[in-house]
Amino acid sequence: MATQLSEITLSPAAAARVRWIADRKGEAEAALRLAVDGGGCSGFTYRFGLAEGIDADDIVTETDGVKLVVDPISIDLVRGCIVDFVDSLGGSSFKVENPNAASGCGCGSSFSI
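Numbering of residues starts from 1 in every chain and runs along the sequence as written. Given that this is a predicted model, residues contribute local features only at a pLDDT of at least 70 and side-chain atom pairs are listed and counted only at 80 or more, while totals for whole chains, interfaces and linings are drawn from all residues. Only heavy atoms go into the side-chain values, all of them from the structure, while hydrogens and water stay out.

Per an unreviewed UniProt entry, the chain is named HesB/YadR/YfhF, and its organism is Sphingopyxis fribergensis.

The following block contains the structure:
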């Protein structure tokens, strides 16, 4: 069974965007998967995608009926973060506000600890 965690937050704006994407793809359940990969200009990068399923060892939080799913390896790097969706003149994207990050790159897609 997946673990429910309140230490990660999916903002209402991000939940609405995930719901919109899932509806357009004809997905019944809206769930965003956040993972951390090595690489990027600062050491680690965030990877987003619709979750095709939730594994027993995944960590899950929910906002407005939309789930945010994180694998157990990535959780230590994103614990306490807020996943938001930002729509600005520079474009639209998911943004992670990560209190664990010591530094990040200008585009906000990579970070270091």
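Moving on from the coordinates now.
Trainee: Explain the packing of aromatic side chains here, please?
Mentor: What describes a pair of aromatic rings is the distance from one ring centre to the other and the angle between the planes of the rings. Pairing of aromatic rings covers Phe, Tyr and Trp, the last through its six-membered ring, and needs centres within 6.5 Å; plane angles under 30 degrees mean stacked, over 60 mean edge-to-face, and all others mean tilted. One pass over the full model with this rule turns up 2 aromatic pairs. Measuring from ring centre to ring centre gives 5.2 Å for Phe 85 and Phe 94, while their planes differ by 65°; the resulting arrangement is edge-to-face. Taking the relative accessible area as the measure of exposure, Phe 85 reaches 14% and is therefore buried. Each member of the aromatic cluster is reached from another via a ring pair, and the members are Phe 48, Phe 85 and Phe 94. Here's how the labels work: a residue is buried when its accessible area is under 20% of the maximum for its type, exposed when over 50%, partly exposed in between, all with a 1.4 Å probe on protein chains only.

Trainee: Just checking my understanding: could you explain the sheet that holds strand β7 (residues 82-88) for this structure?
Mentor: Sheet strands associate in pairs through backbone hydrogen bonding, adopting either a parallel or an antiparallel arrangement. Paired strands are those between which DSSP finds at least two bridges. Under the scheme used here, helices are H or I runs from DSSP no shorter than 4 residues and strands are E runs no shorter than 2 residues, and both carry numbers assigned from the N terminus. Within the open sheet, the 3 strands sit side by side as β2-β7-β8. Their pairing is mixed. Edge positions in the sheet fall to β2 (9-10) and β8 (91-97), since each of these pairs with one other strand and no more. Pairing geometry for β2 and β7, over 2 bridges, is parallel. Residue pairing across strands places Leu 10 opposite Val 83, the latter belonging to β7. This element, helix α1 (residues 12-25), spans β2, β7 and β8 of the sheet and lies at about 75° to β7. A contact between two residues is defined here by any heavy atoms of the two lying within 4.5 Å. Note on geometry: axes are lines fitted to C-alpha atoms, helical ones only across the stretch in contact, with angles between N-to-C directions running from 0 to 180 degrees.

Trainee: Teacher, can you tell me more about the pattern of salt bridges here?
Mentor: A side chain with one charge may pair with a side chain of the opposite charge, provided their charged atoms come close. We define a salt bridge as a contact between a side-chain nitrogen of Lys or Arg and a carboxyl oxygen of Asp or Glu at a distance within 4 Å. Tallied over the entire structure, the rule returns 4 salt bridges. Between Asp 58 and Arg 33 there is a salt bridge, and its shortest N-O distance comes to 2.7 Å. With Asp 58 in the loop between β4 (43-50) and β5 (59-63) and Arg 33 in strand β3 (residues 31-39), this pair connects stretches of sequence that are 25 residues apart. Arg 33 shares its class with Asp 58; the two are buried. Residues Arg 79 and Asp 76 are paired through a salt bridge, measuring 3.1 Å at the closest nitrogen-oxygen approach.

Trainee: Can you help me understand the side chain of Thr 63 in this one?
Mentor: Relative to the assigned elements, Thr 63 resides in strand β5. With a relative accessible area of 15%, Thr 63 lands in the buried category. Any pair of N or O atoms that falls within 3.5 Å is considered a polar contact. Within protein, one atom must be able to donate a hydrogen and the other to accept it, and sequence-neighbouring residues count only if both atoms are side-chain atoms. Looking at Thr 63, its side chain comes within polar contact range of the main-chain oxygen of Leu 10, at 2.7 Å. Not counting the four nearest positions on each side in its chain, Thr 63 is found in contact with Leu 10, Ser 11, Pro 12 and Ala 15.

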